[in-house]
Amino acid sequence: MSGPLPQWCEQTCVVCPAQQLGPGQFDVIDRPGPEFAYRPDLGWRATADGVAVCVHPFRVGLPTGRYASAGELVPDQAPRPAPTAAALQLPDDLVDLEGWLVAVLREAPAEGIFAAVARAERLAAERFGAKEAVTALRRVLSVELANR
């Protein structure tokens, strides 16, 4: 498939290469980092030599792999990766807020989902402001709660 999978448009960040590229056309790593900076000219994170990178394997549903840069094969079927400990750390960059919110919600037990949402909203608002926190939560909750 040359284009994105239909579910990727709802389940990935708006700055994820999975919004526009198909399986195998980008690498998947387990967390954001300075070596995979967001590139406004491309619209997603990329390596220094321009290879597109998704930094949330638990959102794109692929295990980590160097699919575009090293030609690793995209698995036909693989269990959706769980959020890593790094993904559960409140990010410093607003671009990563939605990914963090998804990780928090996916790790929350069903009986603790309301407490997880309240805590996430409070922490996100402290770091990014209430408006940004609520906007991100609305986008994330509409998909995540429907998929529970």
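Calculation rules
Residues numbered from 1 in each chain as written. Predicted model: local features only at pLDDT ≥ 70, side-chain atom pairs only at ≥ 80, totals over all residues. Heavy atoms only, no water. Buried < 20%, exposed > 50% of the residue type's maximum accessible area, 1.4 Å probe, protein only. Helix = DSSP H or I, 4+ residues; strand = E, 2+ residues; numbered from the N terminus. Contact = heavy atoms within 4.5 Å. Pairing = 2+ DSSP bridges. Core = buried A, V, L, I, M, F, W, Y, C linked by side-chain atoms within 4.5 Å. Axes fitted to C-alpha atoms, helices over the stretch in contact; angles between N-to-C directions. Parallel < 35°, antiparallel > 145°, perpendicular 65-115°, else oblique. Left-handed = near helix turned anticlockwise from the far one by under 90°. Nonpolar A, V, L, I, M, F, W, Y, C, P; charged D, E, K, R; others polar. Salt bridge = Lys/Arg side-chain N within 4 Å of Asp/Glu carboxyl O.

A. Helix α3 (residues 97-107), seen in detail. Counting buried residues in α3 gives nine out of eleven residues, a clear majority hidden from the surface. Residues of α3 that are buried: Leu97, Glu98, Gly99, Trp100, Leu101, Val102, Ala103, Val104 and Leu105. The secondary structure elements touched by the buried residues of α3 are α2 (57-60), α4 (113-128) and α5 (130-144).

B. Broad picture of the sheet that holds strand β4 (residues 52-54). One open sheet holds the four strands; their spatial order is β1-β4-β3-β2, and the pairing between them is mixed. One side of each edge strand has no neighbouring strand; the edge strands of this open sheet are β1 (27-28) and β2 (38-39). When β1 meets β4, the two strands line up parallel, connected through two bridges. Of the residues in β4, the one forming a bridge with aspartate 27 is valine 53.

C. Main features of the nonpolar core. Leu97, Trp100 and Leu101 are the most contacted members of the largest nonpolar core, which totals 21 residues. For this core, the secondary-structure elements that each account for two or more residues are α3, α4 and α5. In contact with tryptophan 100, not counting residues within four places along its chain, are Ala87, Leu88, Gln89, Leu90, Pro91, Ala120, Leu123 and Ala124.

D. Summary view of the packing of α4 against α5. Contact pair α4 / α5: the axes reach a minimum separation of 7 Å and the direction vectors enclose 140°. Relative to α5, the element α4 lies oblique. Crossing hand, α4 versus α5: right-handed. Contacts between α4 and α5 pair Val117, Glu121, Ala124, Ala125 and Phe128 from the former with Ala130, Glu132, Ala133, Val134, Leu137 and Leu141 from the latter. Classifying every residue of the contact of α4 with α5 by side-chain character gives nine nonpolar, no polar and two charged.

E. Inspection of the environment of alanine 37 at higher detail. Checked against the element boundaries, alanine 37 lands in the loop between β1 and β2. Put simply, alanine 37 and threonine 47 are ten residues apart on the chain and 7.3 Å apart in space, counted from C-alpha to C-alpha. Those residues in contact with alanine 37 that lie beyond four places of it in its chain are Trp44, Arg45 and Ala46.

F. Structural view of the pattern of salt bridges. Summed over all chains, the structure comprises eight salt bridges. Here arginine 45 ties to aspartate 96 by a salt bridge, and the two come within 2.7 Å at their closest N and O atoms. In this pair, arginine 45 is assigned in strand β3 (residues 44-46) and aspartate 96 in the loop between α2 and α3, connecting sequence segments 51 residues apart. A relative accessible area of 7% means that arginine 45 is categorised as buried. Overall, the relative accessible area of 8% leaves aspartate 96 in the buried class. Residue arginine 139 is joined to glutamate 98 by a salt bridge in which the shortest nitrogen-to-oxygen separation is 2.4 Å.

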